[in-house]
Amino acid sequence: MAGGITDIKKLEYEIYKYSSYSSSYLPENIREDNPTNQTSRWSSNTNSPPQFLVLKLERPAIVTKIKFGKYEKTHVCNLRKFKILGGLEEDRMLQLFEGGLKNDSIPETFNLKHRTDSGELLPIKFIQIVPLLSWGPSFNFCIWYVELLGIEDSIFIMSNLRKYNMLREVEIVRLFMKHCRQQGYVKAFSALLEETGVRLEDEKMTQLHEILVNEGNFKKTEGILVEFINDGLMDDYLSRQEYKPHWSMQLTPEHEPRPGRRGGHQLIIDPLTSTIYLYGGWDGSEDLSDLWCYDVKYNRWTLVHERSELLEGPTPRACHKMVYDTKNSQIFMIGRYLDSASRTEDNINSDFFLYNTISKTWCLISNDTAQVGGPQLVYDHQMCIDVDKQTIYVFGGRILEPNYRYSFSFRNEEETTGDYKYSGLFSYHISTNTWNHILVDCGHPTAASPYVQSIKSRVTHSMLFHHKHRKLYIFGGQRGKDYIADFLIYDVDSSELTNMTPENVGTDAKNVPQSGFTQRATIDCDKDEIYVLTSLSKEKERRDLNINSFWLFSLAKKEWCCVYKSDHSIGQNCYLKNQVACPEPCPRYAHQIVYDATNQVHFLFGGNPGMNSHLRLDDFWMLRLEKPTRENILRYCKYLLRKQEYEETAKTNPLSAICYLQTKLYDIIDHNDPTQLKEFHKLASLLFKSDSTDCETEPTSLLACPLGGSLKPNSQKHPNEHEPNEENAKIMRVESPKSVDEADASSISSLSSECSSSQIARAIPSTSSSSISSRVRNKANDQLFELKIRRCLLYNKLVDLLPEQLCQPKKNISDFVIL
């Protein structure tokens, strides 16, 4: 076949439509690449949406890339955010790309979506460019030059057009088959299946529909759903549910030792043994040099060394960093903070220590890493380890230097001007004991050289290493008085540094962690998720926002989401209260968290609540992020099925319905959850309703399932024991698919219409025996139609929990009909 996906060329197009233009900045200007001419651009006459350009190709093509040219200088009208749509028809386009341009003079090329969800190439004839935001928010949108790249070979395109049209025809047939089955048009459904050979869904789903909707065999349906869940068919749905946070205080017996109050300490974890190590910190009066370990399994602290410097270990310190080498069971430590009075030539060295957790011995690797190619003495830096390659990475932090002219006025000037030096990115190879300066700070004297790669260094940032992606992720931080919101990626194998700043940074601060507040970050490499706890700011002028918030960054989706946000208004002073009574840690800084990937929990210890210069905290918390489990969704499915069976039974045999309610339904209700209990009471009220009353008791939310405990009808509890807490009860509630009821109710509206017609017919008075017989038949038909409707709705709820490729189409024919 002629042509191919590798035969990419520049595609010709014309300006088909546009929203507006200003002055002489005509849409046609984007066809000419003239970066030195400031008038060679299209400019909208307003920045109010919607603004757009529609480009029309000479013939259908596979458009794989779009290139944007720019002016020779930065420009406020450059597109900071835009989206691209495409399709064969101008009124039926799908999104091909969403992103933004950098505000510089370098042309940028973006890959466009050019395949369908099933993998077939997607021919298009129209391209729509929709500006969303310019770099100058109050300025109009500008586009300087647009070039489309792709394939337009006629034979190749015609072949793919046929494939694309066949896919569309199959989807149309499937939509009509779904419609026929829901309306009960059995012959039409069978004819379509036989004539086209198109299957509406996977055989498993067809079997489920037959047993549930047509046969009404609820017990057998439960068995099928158990198989689906055990086979993992609902795991993808569960993974898309939001996390629910659950903080708990880790209390230990009073007679057992535990670390005291501190901030600026370090926590690390041995993931193989689930052992947490804590070292040093500032207790409000002095630096500490004690080493502790915590056994997660037995909830027990052990004091390893009270004063490590007496055992050839590090001196008392705070604001240092540590990493754990699981391969050799070793801890590495570097950095510390010194006040201005202590920054003498004799004390300014950057010592580097190793602690062997097996032999419980310290070793001084280097008295001053700056003398052997490593970083100078730093604090507020970050440190990661690549265990596979036995390499440690140290990035950022403020460099401490000797104060030859120390005085109060000198110190004050340093603090107010922010004239600090920052450390770049260094690597340390453990086996060869060698340092390498990978990236210099952008303020370093050599940064101006074209042969030296630099990076904008900072403090109070986050840096995490993904051992599968083999990349360092760096984000947030502060440099002087500037708060940094970028998201950098450094590939440790290719030495490539890229910026992956999410699009919503700077445009909607509500969708990203706010910079300038204390960040503590962890990573789960198996889930491709980064977790960030933001809390109190070190800056006094920013403490008006006294908030804890926990964020998740999906590396797959490249976007942030807020798991929870909790406001602690000033005056609460929850750190002064009995900590057991607090549902979560109070806002703070100078604290530390670690992530136990084995048990999938976070641990937080200590910190500075920012209310008293000498007060530090010693509270120890565990954070569990919970999602609904297979057990939860099974209980929910059983609830839906049993609720439907109960409603059907209540209409024909109220006595059996009472027994069913007391046993089958009672067993799967969480009676400590007020919402579920209310729904349960609604179900009981059905027994006292007449047939003419609407007996629909659709749950307001899906079933909330407890992680443990039993639900027996005869279980006794003390009146004051385990009072229902609405917030905690909702922790494991599975969110219901929002479109199910609306879409499916409209798709089977004709059934409801037939029911209504029958009811109207029943209302006509008649005394003949044939009329009475007709009314009886109409009533039976009404009940059958209503039964079908409810079972169809139930089936469609279950469909939304299962993989799309197994199920009938999500949409309905009614979605495409406009009257």
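Higher on the page you've got the structure.
Residues numbered from 1 in each chain as written. Predicted model: local features only at pLDDT ≥ 70, side-chain atom pairs only at ≥ 80, totals over all residues. Heavy atoms only, no water.

1. Description of the sheet that holds strand β11 (residues 244–249)
(1) Moving on: Strand order in the open sheet formed by four strands is β11-β39-β38-β37, with antiparallel pairing between adjacent strands. Edge positions in the sheet fall to β11 and β37 (592–596), since each has one partner strand and no second. Strand-to-strand twist in this sheet, taken as the mean axis angle between neighbours without regard to direction, amounts to 25°. (Pairing = 2+ DSSP bridges. Helix = DSSP H or I, 4+ residues; strand = E, 2+ residues; numbered from the N terminus. Axes fitted to C-alpha atoms, helices over the stretch in contact; angles between N-to-C directions.)

2. Section: the packing of aromatic side chains
Within a pair of aromatic rings, the relevant descriptors are the distance that separates the centres and the angle that separates the planes.
(1) Moving on: Summed over the entire model, instances satisfying the criterion amount to 36 aromatic pairs.
(2) Moving on: For the pair Tyr 473 and Phe 487, a centre-to-centre distance of 6.2 Å together with 70° between the ring planes defines the contact as edge-to-face. Of this pair, Tyr 473 sits in strand β28 (residues 471–475) while Phe 487 is found in strand β31 (residues 487–491), placing the two residues 14 residues apart along the sequence.
(3) Moving on: With centroids separated by 5.5 Å and ring planes inclined at 50°, the aromatic side chains of Tyr 531 and Tyr 595 adopt a geometry described as tilted. Placement of the pair is Tyr 531 in strand β34 (residues 529–534) and Tyr 595 in strand β37, with a sequence separation of 64 residues. (Phe/Tyr/Trp six-rings, centres within 6.5 Å; stacked < 30°, edge-to-face > 60°.)

3. Re the packing of helix α3 (residues 203–214) against helix α4 (residues 218–230)
(1) Moving on: Interhelical geometry of α3 versus α4 gives an angle of 155° and a closest axis separation of 9 Å. The angle between α3 and α4 places the two elements in the roughly antiparallel class. Every pair of crossing elements has a handedness; the one defined by α3 and α4 is left-handed. Contact residues: α3 offers Lys 204, Met 205, Gln 207, Leu 208, Ile 211 and Leu 212, while α4 offers Phe 218, Lys 220, Thr 221, Ile 224, Leu 225 and Phe 228. (Parallel < 35°, antiparallel > 145°, perpendicular 65-115°, else oblique. Left-handed = near helix turned anticlockwise from the far one by under 90°. Contact = heavy atoms within 4.5 Å.)

4. Quick look at a nonpolar patch on the surface
(1) Moving on: A cluster of nonpolar side chains, Tyr 18, Tyr 21 and Leu 26, forms an exposed patch at the surface whose accessible area comes to about 270 Å².
(2) Moving on: Among the secondary structure elements, Leu 26 is positioned in the loop between β2 (13–18) and β3 (42–43). (Patch = residues over 30% accessible without salt bridge, like charges linked within 9 Å, V, L, I, M, F, W, Y side chains within 5 Å. Areas by Shrake-Rupley, 256 points an atom, 1.4 Å probe, with all protein chains shown as cover. Salt bridge = Lys/Arg side-chain N within 4 Å of Asp/Glu carboxyl O.)

5. Some remarks on α3
Because an α-helix packs 3.6 residues into every turn, residues spaced three or four apart end up facing the same way.
(1) Moving on: The first and last C-alpha atoms of α3 sit 15 Å apart over twelve residues, in line with the 16 Å expected at 1.5 Å per residue.
(2) Moving on: Listed as buried for α3 are Met 205, Leu 208, His 209, Ile 211, Leu 212 and Val 213.
(3) Moving on: The distance from a side-chain oxygen at the start of α3 to the backbone nitrogen of Lys 204 is 2.9 Å, and the residue carrying that oxygen is Asp 202.
(4) Moving on: Once α3 ends, the next one or two residues include Gly 216, with phi positive near 70°. (Expected span 1.5 Å × (residues − 1). Buried < 20%, exposed > 50% of the residue type's maximum accessible area, 1.4 Å probe, protein only. Polar contact = N/O pair within 3.5 Å; in protein donor to acceptor, adjacent residues only side chain to side chain.)

6. Considering the pattern of salt bridges
(1) Moving on: Applying the stated criterion across every chain yields a total of 31 salt bridges.
(2) Moving on: Lys 70 is the salt-bridge partner of Glu 108, the closest N and O atoms lying 2.6 Å from each other. Taken together, the residues Glu 108 in strand β7 (residues 108–111) and Lys 70 in the loop between β4 (53–69) and β5 (79–89) connect sequence positions 38 residues apart.
(3) Moving on: Its relative accessible area of 14% is what places Glu 108 among the buried residues.
(4) Moving on: Exposure remark for Lys 70: the relative accessible area of 3% places this residue in the buried category.
(5) Moving on: When salt bridges that share partners are traced, they join Lys 9, Glu 58, Arg 59 and Glu 152 into one network.

7. Brief notes about the pairing of β28
(1) Moving on: Within β28, four of the five residues are buried, leaving the element largely enclosed by the surrounding structure.
(2) Moving on: Relative to β28, strand β27 (residues 462–466) is paired through five bridges, and the arrangement is antiparallel. Opposite Phe 465, over in β28, you have Leu 472 as the bridge partner.
(3) Moving on: Where β27 folds back onto β28 in an antiparallel hairpin, the turn is made up of four residues, including Arg 470, whose phi is positive at roughly 60°.
(4) Moving on: With five bridges connecting them, β28 and β31 associate as antiparallel partners. Residue pairing in the sheet places Ile 474 in a bridge with Leu 488 of β31.

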